[in-house]
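# Working through the structure, step by step
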Amino acid sequence: MDIRIGNGYDVHVLADGIPMWLCGVKANESRGFIAHSDGDVAIHALCDAMLGALAMGDIGHHFPDTSDEFKGIDSKILLRRVCALIADRGWRVGNIDITIALQAPKIGKLVPQMRECLAEVMGIGVDRVSVKATTTEKLGFVGREEGCEVWATALLIAD
């Protein structure tokens, strides 16, 4: 069996007046992430992990923030496109693991919904999707509620 593992990391700044999207789920109505797309930092890290597993560059290479085509785009669309890119090369997702560091709001109660959303978008079982929420115990930019950082790992399996 041929397998590949990729890691992704992304950071976004928090701002008032923007909805917060994480793993395809609206996590907050009034404070979200500044970005060219909808700002779903978790999906962005996941896309980087999947692309990295196949040495295909990163999300910015495939969906540049200088392109009007991707202005305000739903990040679930980007994830579907990444899934199609890896499938075109003969690979499928084995499992994914995401860690979201966010001081506030608390998002733990949304984790089951996030897992289901990602599984549906990627066409895999929810048992292959792990999402974990943590804080930084008020340390650093995350702890000061200035932003969010996300780590993602993807295991890809050759078909």
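Scroll up for the structure.
Keep in mind that what you see is a predicted model, and the values were worked out from it rather than measured.

## Comments concerning the sheet that holds strand β7 (residues 147-158)
The strand order across the open sheet formed by 5 strands is β4-β1-β7-β5-β6, and the pairing between neighbours is mixed. At either end of the open sheet lies a strand with only one pairing partner, and these are β4 (31-33) and β6 (129-134). Strand-to-strand, the axes of this sheet are offset by a mean angle of 25°, without reference to chain direction. Bridge count between strand β5 (residues 91-101) and β7: 10 bridges; the pairing is antiparallel. Counterpart to Ile100 in the pairing with β7 is Val150.

## Some remarks on a nonpolar patch on the surface
On the surface, Tyr9, Val11 and Trp151 cluster together into a nonpolar patch covering about 270 Å² of accessible area. Its place among the elements puts Val11 in strand β1 (residues 3-16). According to the relative accessible area criterion, Val11 is partly exposed, its value standing at 32%.

## Brief notes about the packing of aromatic side chains
Counted according to the given criterion, the structure contains 2 aromatic pairs. Judged by centre distance (5.6 Å) and plane angle (50°), the ring pair of Tyr9 and Trp151 falls under tilted. Separated by 142 residues along the polypeptide, Tyr9 in strand β1 and Trp151 in strand β7 bring together distant segments of the chain. Here Tyr9 falls in the partly exposed class, since its relative accessible area comes to 40%. Among the residues examined, Trp151 registers a relative accessible area of 38% and is labelled partly exposed.

## Re the packing of helix α1 (residues 41-53) against helix α3 (residues 75-88)
Angle between the axes and distance between the axes: these two values describe a pair of packed helices. In the contact formed by α1 and α3, the axes pass within 10 Å of each other and the chain directions differ by 10°. Our classification of the angle between α1 and α3 gives roughly parallel. Within the contact between the two elements, α1 uses Ile43, His44, Leu46, Cys47, Met50 and Leu51 and α3 uses Ser75, Lys76, Leu78, Leu79, Val82, Cys83, Leu85 and Ile86. Here the residues of the contact of α1 with α3 are counted per class, giving 11 nonpolar, 2 polar and 1 charged.

## Observations concerning the side chain of Asp40
Mapped onto the fold, Asp40 is located in the loop between β4 and α1. Lacking a salt bridge, the buried Asp40 has Lys76 as its closest oppositely charged neighbour, with an N-O distance of 6.5 Å. Looking at Asp40, its side chain comes within polar contact range of the main-chain nitrogen of Cys23, at 2.9 Å. Those residues in contact with Asp40 that lie beyond four places of it in its chain are Trp21, Leu22, Cys23, Gly24 and Ser75.

Reading guide: rules and limits
Residues numbered from 1 in each chain as written. Predicted model: local features only at pLDDT ≥ 70, side-chain atom pairs only at ≥ 80, totals over all residues. Heavy atoms only, no water. Pairing = 2+ DSSP bridges. Helix = DSSP H or I, 4+ residues; strand = E, 2+ residues; numbered from the N terminus. Axes fitted to C-alpha atoms, helices over the stretch in contact; angles between N-to-C directions. Patch = residues over 30% accessible without salt bridge, like charges linked within 9 Å, V, L, I, M, F, W, Y side chains within 5 Å. Areas by Shrake-Rupley, 256 points an atom, 1.4 Å probe, with all protein chains shown as cover. Salt bridge = Lys/Arg side-chain N within 4 Å of Asp/Glu carboxyl O. Buried < 20%, exposed > 50% of the residue type's maximum accessible area, 1.4 Å probe, protein only. Phe/Tyr/Trp six-rings, centres within 6.5 Å; stacked < 30°, edge-to-face > 60°. Parallel < 35°, antiparallel > 145°, perpendicular 65-115°, else oblique. Contact = heavy atoms within 4.5 Å. Nonpolar A, V, L, I, M, F, W, Y, C, P; charged D, E, K, R; others polar. Lys, Arg positive; Asp, Glu negative; His and termini not counted. Polar contact = N/O pair within 3.5 Å; in protein donor to acceptor, adjacent residues only side chain to side chain.

Keep in mind that these numbers describe shape and distance, not what the molecule does.
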